[in-house]
Amino acid sequence: MENKKKDKKVLLRISNLKQYFPIKKTSMFQKEQLYVKANDGISIDIYEGETFGLVGESGCGKSTFGRTLLQLYKQTDGRTMYYGRPLDEIAPRYMEDTLKHLSTKMKNYETHQAKADLLQSEYDKLTTDEEKYNMHAKVKEAKKIANDAFLDIVQVIGGFFIEKDLQKVSNTFLKEYQDNVAWCIAKEELRKLESEFEAAVAEKKAKKASQSDIDAATAKIKAKVEAKRNDVKAKQATFEASKKEIDAMRAAYKGNAEFEKYESYRDEGVDLARLTEEETRRLRKDLQLIFQDPYSSLNPRMSVGQIIGEGLNAHKVFHKNKDKMQDYIMQVMEDCGLASYMIHRYPHQFSGGQRQRIGIARSLALKPKFVVCDEAVSALDVSIQSQIINLLLDLKEKENLTYLFISHDLSVIKYISDRIGVMYLGNMVELATTEDLFAAPMHPYTEALLSAIPTTDVENKTEPILIEGDIPSPIKPPKGCKFHTRCKYCTDICKKVVPDLEEMTPGHFVACHHKRNVVESK
Amino acid sequence: MALLELKDLHTFFQTKRGTVKAVNGVSYSVDAGKTLGVVGESGSGKSVSAMSILRLLDSNGYVADGEIIFDGKNIQDCTKKEMYKIRGNEISVIFQEPMTSLNPVFTIERQLSEPFIIHQGMNKKQAKAKVIEMLSSVKIPNPESVAKQYPHQLSGGMRQRVMIAIALACQPKLLIADEPTTALDVTIQAQILKLMNDLKKEKGTSILFITHDLGVINQMADDVAVMYCGQVVEMAPAKKIFTKQKYSHPYTEGLMESIPRLDTPAGVRLEAIPGAVPHPLDLPKGCKFAPRCKYATDKCREEEPTLVKIEENHQIRCFYPEKEMRKDGK
Amino acid sequence: MSKENKAKKSRVSILGLLFGNRKKQLSFLEEEQLQSPMRTVIKNFVANKVAMVSLIIFLIIFLSVLIYPAVNHIDLTYQEQTQQNVAPGFNMMKVPKKLQGNIKEISVGSTFSVGVSNDGEVFVWGKTKITSVIDVKDIPENMGKVVQVAAGADHVLALNDQGELFAWGNSRNKQCAIPENLKTVKNIKRIYSGFQCSAAVTEDGNVYFWGNTGIIDFKIGEYQGQIDKIAINSQGVLGLTKDGQVVSLTANELAFSRIPEEMGKAVDIALTAQTGAAVTEDGKVYVWGNKTKTIHEGETLEGVVSIEGGRYHYTAMLANGDVVAWGHDDFGQSSVPSKVNKANVTTVYTGYYQNYAITDSGKAITWGLKGYILGTDNYGRDVLSRIMHGGRMTMTIGAIAIIISVTIGIIIGGVSGYFGGKVDMILMRIAEIVYALPFLPFAMTLSAIIGNKINETQRIALIMVILGLLSWPGDARLVRAQVLAERNKEFVTAARAVGVRQKGIIFRHIIPNVVSVIIVSATLGFASAMLTESGLSFLGFGVREPRPTWGNMLNGCQSSTVILQYWWRWVFPSIALGLSTISINLIGDGLRDAVDPKANER
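Residues numbered from 1 in each chain as written. Chains lettered and ligands numbered in written order. Predicted model: local features only at pLDDT ≥ 70, side-chain atom pairs only at ≥ 80, totals over all residues.

## Focus on the overall build of chain B
If you tally the helices and strands in chain B, you get twelve helices and twelve strands. For 330 residues, the compact-globule estimate of 2.2 N^0.38 gives 20 Å, and chain B sits close to it at 21 Å. Once the C-alpha set of chain B is aligned to its principal axes, its extents read approximately 70 × 50 × 40 Å. Buried positions account for 48% of the 330 residues belonging to chain B. Residue pairs at least 24 apart in sequence account for 63% of intrachain contacts in chain B once pairs closer than 6 positions are excluded. (Helix = DSSP H or I, 4+ residues; strand = E, 2+ residues; numbered from the N terminus. Rg over C-alpha atoms; globule rule 2.2 N^0.38 Å. Buried ≥ 20, exposed ≤ 12 C-beta atoms within 10 Å, placed from the backbone. Contact = placed C-beta atoms within 7 Å.)

And the structure:
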């Protein structure tokens, strides 16, 4: 997944995401812990402003993927880099951890790398395919661990990876980090104070107080705001200064090819998987979820206003400013096609479609950047589905949203998505732009899936390509390519080696040992 | 010759808050060896009309009016005993969730062989052979091992196959399939639909196919009845429903336009039907679809249209069945 | 209809509802729009007739047991041997119609009264059934014209105009066995019936005494032949000699044996249970003995002519014809109705707790104890009062026990359900261990071991704690299951997804959805805690006598005699207990149905 489209900004880069759910042991004597491998190494980039469609059958892990991405489940493995906000706006704690233990981390990386190299050399010595197949996974795993250790370091310090005096690097970066944190805290406090000030003014105004009265009553808080503003400015200056220090250090290495190489690994993204709970919670504002079932996803004991306002309260968006919040909620409701006078009603008083609108309003009230629509229209009646799809599209345009649209319904996915990923049993098997995928599906599963959709087209009723058998259990998935048990092109290699997701034509990825066969057979 | 004919069927449910007119004057017929697809949204009465045929309504439901003629007999006049004979023997049914119809504590074999041992006096060996034959007829791989399994060990698709096997065991004249593939995945759905089509051709069973999925209807049905709010709003051969015609009901038209199809070009806005299905206790006056119909006139809101035969095999419940007329008229 | 219009309409209908304007029938859809989930629950509950009736019944019981004991304090040491096992009813002073207007004389017994008409006919009324076979209403035939009657605790004496003496009723202590030597005496002046004894005074001043001499050690000695009248109570006899001297006629010393010496010449005497009283020539009253409460109040009176003694009160006739009563007033026996003094009263008859004032037209005006609405028990205590006090005790114990058990249940169940994992495992195993303890044997053993070493209050607290500590596992499991179910609901995930803190999720999403279940379970648990307490008390391991609970009220009803004869002693507590538990259970069921959203779908 190294290929990046130059003209599009990546919003989320997911690499090798794994989500395993442990299964309760059935007996005391069961030694092996079994897992449901819901997501087994998924890597995709999601670009800003696009709609990424994720399609697959039930149990393929597409919903899990959407939720893991949002860190609603603690992901088992993998990196989920988020680029929606500059790193210095968040200043995650894990950076501090890396910086403090830089030398230990470095040693750790070196041992892993050595292990991986050893295995690789052993692998290279092997002669028969049989042995290679068996060894393949092991080598891959060792390499991955080494690479993870490597990335943990270089993503933070970049080119200073080659620096001998790690202590100095550690100290300088730590200082920058701490200044950054101080600045962030001050900014948040300022925001709250400003909101409080605004509320105080609005309250006085509502009582029709004169301007001078307002000024007198809010003078105290206004002074506080001013003081805080100066504080923020001072903190910012300190931070900028320590940033410059690092820039100066960097300048020393100018032209050093090796430095530049490692510097390119430096990542301005935030690894969602490594954030603390509180950091994740704060970032949830940006990353939202729309649920499938409009009935169970709304608390029956809360009114619409409370439901939509919950997120706003949690993030103190309208700190101590209830009136403004109410106005805002009503505005959001109108935007989502709900009459604002319904604000005090309870979910049971709404139809399914309206409830889904409430769910959408709840998510969009936080002005997110990225929204996962988890089967957002599947539970709705046919005539309501299109209303919701239209609403989602309108809102996307208006708010410049990025969607991950998860559905089992290919027609909906095709209609709404720019790019589509096809999942099978926890793996991404094919990934392409919508046109490419429908014009020339490369994976045998995609091919079968496409032809299985019942269409309303009367003229060319094609006989669907039937795939035999059922989806295997995700607890004990087949070895090698997971689709091989149902695939008509299956050969020996498919049963042993897991195919990688490779880019066949620009932007068209497929994970199949026989993708060419598929293309030719078409 | 129609195998099953519903004439002006009214099925009501008595609830605390009033009488729900779930089926309010429905007439349709299933010809021998043909498939009638009944399509509609939830609450349109499509399932209730089918359950009325089998007299399997909830305790608070009753047929208020109308006739159900099956194979020349009026089902309303049948005694309970006769109904037992009809159910399963002459009319079989497949439900959406097959798990609920199978007893979880018995193996498939035991459940399937019991009727043969009890009703047809077979011994265990014969019954077992019969069960295996049944299972292989619905293309279950390894019928011997599947027979020994318990329902929960089978996948959704397999369970639905077993249900079809049970339904077809007695060679019924009519098979009622109530959303049989809604709970299944597309690839499995394709398998089941193909199986049903094959069996229909093979055995000449008539099918009453109930679904909300227009695509599935297109694949299965010879004739289509579109239902809305307990009434049939349009009835025609599948071809007429799914191709552009001179006449159509605005609801059918809206449905066709509102679902995204594989051939819907990207960027084209979906023509959504506004509003929601009215509550069954708060049905509008006049045409039930009028509040959501973009062509509705005052007449539509005041008077209720009847199902009118527009042309051969094509009935529509609308004052303005001709598409051109609607656009011009308003 | 446009949405705005609809809104306006609903607002209008809210106003309409508020001002009782219910003319316009709302469609149910509009009605539904006005409802929050809480209101829906209440509406569903109110619509449930069974639950509502139960609620009303329970509230009545609850308020009664709350208010009654607050107003009427119970005296735990109260016992009244003359009022034992009195059947329910208010006929103690119901003078027969035939007698009314034609009264010659009335004599008051413990729970019944005897009267004789001017024609010499004898009437008995009130609670006349002494045992299953003895009934003082069974008046002997052929008594002739009776002129005098005397009612005791459980027997009656009668004297006819021929000077013949008759006795009937309970004769276990020979109180009805007229002495042979008296049968020949024809000049009987006055007959007396006391507690298991009888006496007669002749014209020549002789006193004959028979009956239970074990209780009253009668000794007349030197006064034989001088006695003018006597007074008997359950312990002793006083005599008034012809020359106005008051003398004690018992061998042993009693509370009222020490007769004040400065009194002077007495004209009338009377006895209550603990005191004696005499009226002197100059119309003054002297009271002596165990003077409790207001029994001496009469000493301020002047112009008293005659005096009569009840169980704990006196009545006196004044020279001006007025009737005055003083002493205890538990049953209104000292509260002389105003119409008595308006009428022309000739005589007053007092005994035990009843009073009859006879007017010159021969009619009786009555006051005092009419009867007991629910009867009395074997100590003569009012069953109603004990039911009320017992109910308060039973309900308090039930309520505190359930509060303890629900509190523990919520904490343990909540922690277990929310955090899960090992904590859950350990807590649930503990719950199972407690669940496995056999409740009754355990409670009985515990009560038996430490129950005797502690005082009454501690015992009651102990019962509450035992009940609470042993019944929480059910609640804990329920709460845990509910928390688990709520925690995994989509809306909780949704709350997490918008960034709500854990605290917010617990308080806003999980607890409100668990509370309803807890309320239902606590309601049902309350009923069962009451039953368990009653069971324990019934077996004698709970609250003990004399403090009443519904359980130990039934305790005395284990004998077949009580079950067959004194049905009121077990029927009423059982009804109270049964009615409360059934109604609480029905309320609980109603609440469950009201809370369960599935019930609303139909």
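That was the structure; now back to the text.
## Comments concerning the overall build of chain C
Within chain C, the secondary structure is distributed over 16 helices and 21 strands. The globule rule puts the C-alpha radius of gyration for 602 residues at 25 Å, and the 34 Å found for chain C is more than 25% above it. The principal-axis extents of the C-alpha atoms in chain C amount to approximately 110 × 65 × 45 Å. Going through the 602 residues of chain C one by one, you find that 45% of them count as buried.

## Quick word on the sheet that holds strand 1 (residues 10-22) of chain A
Across a sheet, paired strands are connected by hydrogen bonds in the backbone, their directions being either parallel or antiparallel. Residue and element names in this part refer to chain A. Strand order across the open sheet formed by four strands is 2-1-4-5, with antiparallel pairing between neighbours. Of all the strands in the sheet, just strand 2 (35-47) and strand 5 (270-271) have a single pairing partner and so form its edges. Here strand 4 (residues 77-82) pairs with strand 5 via two bridges, running antiparallel. The residue of strand 5 that forms the bridge with methionine 81 is aspartate 271. (Pairing = 2+ DSSP bridges.)

## Considering the domain arrangement of chain B
Residues and elements named next belong to chain B. Taken domain by domain, chain B comprises domain 1 (2-90 + 172-329) and domain 2 (105-170). If you average the C-alpha positions of domain 1 and of domain 2, the two centres end up 32 Å apart. Looking at the side of domain 1 that touches domain 2, the elements that each hand over two or more residues are helix 2 (80-89) and helix 7 (186-203). Here the side of domain 1 that touches domain 2 gets six residues from one element, more than from any other, and that element is helix 7. A per-class count over the side of domain 1 that touches domain 2 returns ten nonpolar, three polar and no charged. (Domains from an automatic or database assignment. Nonpolar A, V, L, I, M, F, W, Y, C, P; charged D, E, K, R; others polar.)

## Brief notes about the nonpolar core
Among the nonpolar cores identified, the biggest contains 268 residues, and Ala361 of chain A together with Leu208 of chain B are the most heavily contacted of them. At 15 residues, the largest contribution of residues to this core is made by helix 12 (residues 502-539) of chain C. Contact partners of leucine 208 of chain B, with chain neighbours within four places excluded, come to Val30, Leu36, Val38, Ala50, Leu174 and Ile176 of chain B. Counting 91 residues, the second-largest nonpolar core is a separate cluster that includes Ile216, Tyr223, Ala278 and Val285 of chain C. (Core = buried A, V, L, I, M, F, W, Y, C linked by C-beta atoms within 7 Å.)

## A few points about the interface of chain A and chain B
The interface of chain A with chain B comprises 32 residues on the first partner and 40 residues on the second. Of all the elements in the fold, those that place two or more residues in the side of chain A that touches chain B are helix 13 (382-399), helix 14 (410-416) and helix 16 (444-452) of chain A. The biggest single contributor to the side of chain A that touches chain B is helix 13 of chain A, with eight residues. Of the residues belonging to the side of chain A that touches chain B, the class tally is 14 nonpolar, 13 polar and five charged.

## Quick look at the sheet that holds strand 14 (residues 275-280) of chain C
Residue and element names in this part refer to chain C. In spatial order, the strands read 13-14-15; together these three strands make up an open sheet with antiparallel pairing. Sheet topology places strand 13 (266-271) and strand 15 (285-289) at the edges, where each strand pairs with a single neighbour. For this sheet, the mean angle separating the axes of adjacent strands, direction not counted, is 20 degrees. (Axes fitted to C-alpha atoms, helices over the stretch in contact; angles between N-to-C directions.)

## Here's the deal with the interface of chain C and chain A
Of the residues lining the interface, 23 residues belong to chain C; the matching set on chain A comes to 27 residues. At the level of secondary structure, the elements contributing two or more residues to the side of chain C that touches chain A comprise helix 1 (3-18), helix 2 (28-33), helix 11 (490-497) and helix 12 of chain C. If one sorts the elements of the side of chain C that touches chain A by residue count, helix 11 of chain C sits on top with seven residues. When grouped by side-chain class, the residues that make up the side of chain C that touches chain A number ten nonpolar, seven polar and six charged.

## Overview of the domain arrangement of chain C
Residues and elements named next belong to chain C. Along its sequence, chain C is carved into domain 1 (45-71 + 382-601), domain 2 (90-213) and domain 3 (216-343). Computed from C-alpha coordinates alone, the two centres of domain 2 and domain 3 are separated by 21 Å. Listed as interface residues are 14 residues of domain 2 and, on the opposing side, 17 residues of domain 3. Those elements giving two or more residues to the side of domain 2 that touches domain 3 turn out to be strand 7 (188-193), strand 8 (197-202) and strand 9 (207-211).

## As for helix 1 (residues 62-69) of chain A
Counting along an α-helix, one turn takes 3.6 residues, and residues three or four places apart therefore face a common direction. All names here are of chain A. Burial within helix 1 is extensive, with eight of its eight residues counted as buried. Listed as buried for helix 1 are Lys62, Ser63, Thr64, Phe65, Gly66, Arg67, Thr68 and Leu69. Of the residues trailing helix 1, glutamine 71 is marked for its positive phi of about 60 degrees.

## What about helix 1 (residues 46-54) of chain B?
Residues and elements named next belong to chain B. Burial runs high along helix 1: eight of the nine residues are buried. All buried positions along helix 1 are accounted for by Lys46, Ser47, Val48, Ser49, Ala50, Met51, Ser52 and Ile53. Looking at the residues trailing helix 1, positive phi occurs at arginine 55, about 55 degrees.

## A few points about the pairing of strand 18 (residues 323-327) of chain C
Along a regular strand, successive side chains alternate from one face of the sheet to the other. Residue and element names in this part refer to chain C. Of all five residues in strand 18, five are buried, a share of seventy percent or more. Burial along strand 18 is two-sided: Val323, Ala325 and Gly327 and Val324 and Trp326, pointing in opposite directions, are all buried. Here strand 17 (residues 313-318) hands over to strand 18 after four residues, with glycine 321 in that stretch at a positive phi of 90 degrees.

## Let's talk about the environment of glutamine 558 of chain C
Residue and element names in this part refer to chain C. Within the secondary structure, glutamine 558 sits in the loop between helix 13 (550-555) and helix 14 (560-565). According to the C-beta neighbour criterion, glutamine 558 is exposed, with 10 such atoms within 10 Å. Between the C-alpha atoms of glutamine 558 and phenylalanine 538, which are 20 residues apart in sequence, the distance is 9.4 Å.

## Overview of the confidence of the model for chain C
All names here are of chain C. Residue-level pLDDT values for chain C average 85, and 93% of them are 70 or greater. Taking the mean pLDDT of every element in chain C, the minimum, 45, falls on helix 1 and the maximum, 93, on helix 4 (residues 49-71). Low pLDDT (under 50) marks residues 1-29, which in the prediction has 17 contacts with non-local residues, meaning those over four places away or in another chain. Predicted complex metrics record ipTM = 0.87 and pTM = 0.77. (pLDDT = per-residue confidence, 0-100.)

## Describing the packing of helix 6 (residues 166-206) of chain A against helix 7 (residues 211-252) of chain A
Residue and element names in this part refer to chain A. For the pair helix 6 and helix 7, the least separation of the axes is 8 Å and the interaxial angle reads 160 degrees. It follows that helix 6 is roughly antiparallel to helix 7 by the angle criterion. For the pair helix 6 and helix 7, the sense of crossing is left-handed. Tallied by class, residues from the contact of helix 6 with helix 7 come to 17 nonpolar, six polar and 18 charged. (Parallel < 35°, antiparallel > 145°, perpendicular 65-115°, else oblique. Left-handed = near helix turned anticlockwise from the far one by under 90°.)

## Observations concerning the environment of lysine 242 of chain C
Residues and elements named next belong to chain C. Structurally, lysine 242 is set in the loop between strand 11 (237-241) and strand 12 (246-248). The class of lysine 242 is partly exposed, set by 13 C-beta atoms lying within 10 Å. Sequence-wise, lysine 242 and alanine 87 are 155 residues apart; in three dimensions their C-alpha atoms are separated by 42 Å. Sequence-distant contacts of lysine 242, that is, excluding residues within four places in its chain, are made with Gly205, Gln226 and Asp228.

## Some points on unusual backbone geometry
Here the amide bond leading from glutamate 545 of chain C into proline 546 of chain C is cis, since omega sits at 5 degrees, within 30 degrees of zero. Of note, proline 546 of chain C is situated in the loop between helix 12 and helix 13. With a phi close to 60 degrees, glutamine 71 of chain A is a non-glycine residue in the positive phi region. Tracing the backbone shows glutamine 71 of chain A in the loop between helix 1 and strand 4. Located in the positive-phi region is tyrosine 352 of chain C, a residue other than glycine, with phi close to 45 degrees. Tracing the sequence through the fold places tyrosine 352 of chain C in the loop between strand 19 (345-351) and strand 20 (354-359). Classification of tyrosine 352 of chain C as buried rests on a count of 28 C-beta atoms within 10 Å.

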